[in-house]
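# Coordinates in review
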Amino acid sequence: MVQVRLALKSDCGCSRTLSALERDARSSGLTGAEIDAALEKRSFEVRTNAAIAYACALQSGNQRVVDEAHLRALRVGWTHEQMEELGQLIGGLAANSLT
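So, how was this worked out
- Residues numbered from 1 in each chain as written.
- Predicted model: local features only at pLDDT ≥ 70, side-chain atom pairs only at ≥ 80, totals over all residues.
- Heavy atoms only, no water.
- Helix = DSSP H or I, 4+ residues; strand = E, 2+ residues; numbered from the N terminus.
- Buried < 20%, exposed > 50% of the residue type's maximum accessible area, 1.4 Å probe, protein only.
- Polar contact = N/O pair within 3.5 Å; in protein donor to acceptor, adjacent residues only side chain to side chain.
- Contact = heavy atoms within 4.5 Å.
- Disulfide = S-S within 2.5 Å.
- Axes fitted to C-alpha atoms, helices over the stretch in contact; angles between N-to-C directions.
- Parallel < 35°, antiparallel > 145°, perpendicular 65-115°, else oblique.
- Left-handed = near helix turned anticlockwise from the far one by under 90°.
- Nonpolar A, V, L, I, M, F, W, Y, C, P; charged D, E, K, R; others polar.
- Arc of directions from axis to C-beta.

## Looking at the side chain of S43
With respect to the helices and strands, the residue S43 is situated in the loop between α3 (32-39) and α4 (46-60). In this structure S43 comes out as buried when scored by relative accessible area, which is 12%. Of the polar contacts made by the side chain of S43, one reaches the backbone nitrogen of E45; its length is 3.1 Å. Residue contacts for S43: discarding those within four places in its chain leaves Q3, A37, T48, N49 and I52.

## Structural notes on the state of the cysteines
On inspection of all chains with the given rule, the structure shows zero disulfides. In this model C14 remains outside any disulfide bridge; the closest cysteine sulfur is found in C12, 5.2 Å from its own. The class of C14 is partly exposed, set by a relative accessible area of 30%. Left without a disulfide partner, C56 is nearest to the cysteine sulfur of C12, which lies 13 Å away. We classify C56 as buried; its relative accessible area is 18%.

## Focus: helix α1 (residues 2-9)
Burial analysis of α1 places six of its eight residues in the buried class, which makes it a mostly covered element. Here α1 has its buried residues at V2, Q3, V4, L6, A7 and L8.

## Thoughts on the packing of helix α2 (residues 15-27) against α3
At a minimum axis distance of 10 Å, the contact between α2 and α3 shows a crossing angle of 135°. On the basis of the axis angle, α2 is oblique to α3. Of the two possible hands of crossing, α2 and α3 adopt the one that is right-handed. Seen from α2, the contacting residues are L18, E22, A25 and R26; seen from α3, they are G32, I35 and L39. Each residue belonging to the contact of α2 with α3 can be placed in one class, and the counts come to four nonpolar, one polar and two charged.

## Side note on the side chain of Q3
Tracing the backbone through its elements, the reader meets Q3 in helix α1. Judged by relative accessible area, which is 13%, Q3 ranks as buried. Contacts of Q3, omitting those with residues within four sequence positions, involve L30, E34, A38, S43, T48 and I52.

## So, the environment of A51
Here A51 shows up in helix α4. Overall, the relative accessible area of 0% leaves A51 in the buried class. When neighbours within four sequence positions are excluded, A51 is seen to be in contact with M1, V4, W78 and L86.

## Observations regarding α3
Structural remark: α-helix, 3.6 residues per turn; residues separated by three or four positions point the same way. Within α3, the full set of buried residues consists of I35, A37 and A38. For α3, the arc enclosing every buried residue in end-on projection is 160°, short of the 170-degree limit, so these residues lie on one face. On its buried side, α3 packs onto α1 and α2. Immediately beyond the C-terminal end of α3, within one or two residues, lies K41, with a positive phi of roughly 65°.

Below is the structure:
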């Protein structure tokens, strides 16, 4: 999910990384406003906003924040399985940023 990747990398400080992510976002059909929102760690769409919040919570490592974001995501229609997949995606992004 490109919006999650944008949110997680929004403060990386690498213009090359952000430019590549913005190109990917535009090619996947996101508008400039949607890209800007993702870079601010939010979305106009409720389910995507919940996914971004959960991803950012996982990235923070604060278990209380993770638990709260997980519950909010479930309330807006994400399943436990989808949340697990999102967690794996985030883990993969973190591993890729270390290489």
